[in-house]
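Next come the chains, spelled out residue by residue.
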Amino acid sequence: QVQLVESGGGLVQAGASLRLSCAASGRSLSSYAMGWFRQGPGKEREFVAYTKWIGPNAYSAEYADSLKGRFTIIRDNAKNSVYLQMNSLKPEDTAVYYCAANLGSTYLKSASTYDYWGQGTQVTVSS
């Protein structure tokens, strides 16, 4: 079993940056697909980004179209962690952000695909 813990959320003004962290324990994440999702009040979880293994020490990354260019997913296998760098934050980015892990590598834009989830970290962006 994989345990995931997010951190790094907070209250910031529009235009600011945040870097979210997801620390894993229990298993190595080197061969897992890792995703970031977010969920606003009364909403379903929305895809943000994912990264998956494509070869020895090689990974690909995909992003939601609306976030491409502002958000970056980063993997650090040595620390068994993944990060989400968020720049130029907007009020509509306000949500609880979750990291997730999956041993499979298909349908990774769907929240229901993932086997393991963290508890979430709140990001609030004021105008």
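So, a few notes on the structure that sits alongside this text. Keep in mind that this is a model prediction, so the values were computed, not measured.

Details of the side chain of Arg75
- Along the chain, the position of Arg75 falls in strand S7 (residues 71-76).
- Notably, Arg75 is buried but unbridged: the nearest opposite-charge side chain belongs to Asp76, and the N-O separation is 9.4 Å.
- In this structure the side chain of Arg75 is engaged in a polar contact, spanning 2.7 Å, whose partner is the backbone oxygen of Leu29.
- At a separation of 2.8 Å, a polar atom in the side chain of Arg75 contacts the main-chain carbonyl oxygen of Tyr32.
- Residues in contact with Arg75, not counting those within four places in the same chain, are Leu29, Ser30, Tyr32, Ala33, Met34, Thr51, Lys52, Tyr59, Ser81 and Val82.

Looking at the environment of Ile54
- One can find Ile54 in strand S5 (residues 46-55).
- For Ile54, a relative accessible area of 53% translates into the label exposed.
- Residues Ile54 and Thr124 lie 70 residues apart in sequence; the distance between their C-alpha atoms is 34 Å.
- In this view, Ile54 contacts Tyr59 and Ser60; residues no more than four positions away in its chain are not counted.

Procedures and definitions
- Residues numbered from 1 in each chain as written.
- Predicted model: local features only at pLDDT ≥ 70, side-chain atom pairs only at ≥ 80, totals over all residues.
- Heavy atoms only, no water.
- Helix = DSSP H or I, 4+ residues; strand = E, 2+ residues; numbered from the N terminus.
- Buried < 20%, exposed > 50% of the residue type's maximum accessible area, 1.4 Å probe, protein only.
- Lys, Arg positive; Asp, Glu negative; His and termini not counted.
- Salt bridge = Lys/Arg side-chain N within 4 Å of Asp/Glu carboxyl O.
- Polar contact = N/O pair within 3.5 Å; in protein donor to acceptor, adjacent residues only side chain to side chain.
- Contact = heavy atoms within 4.5 Å.

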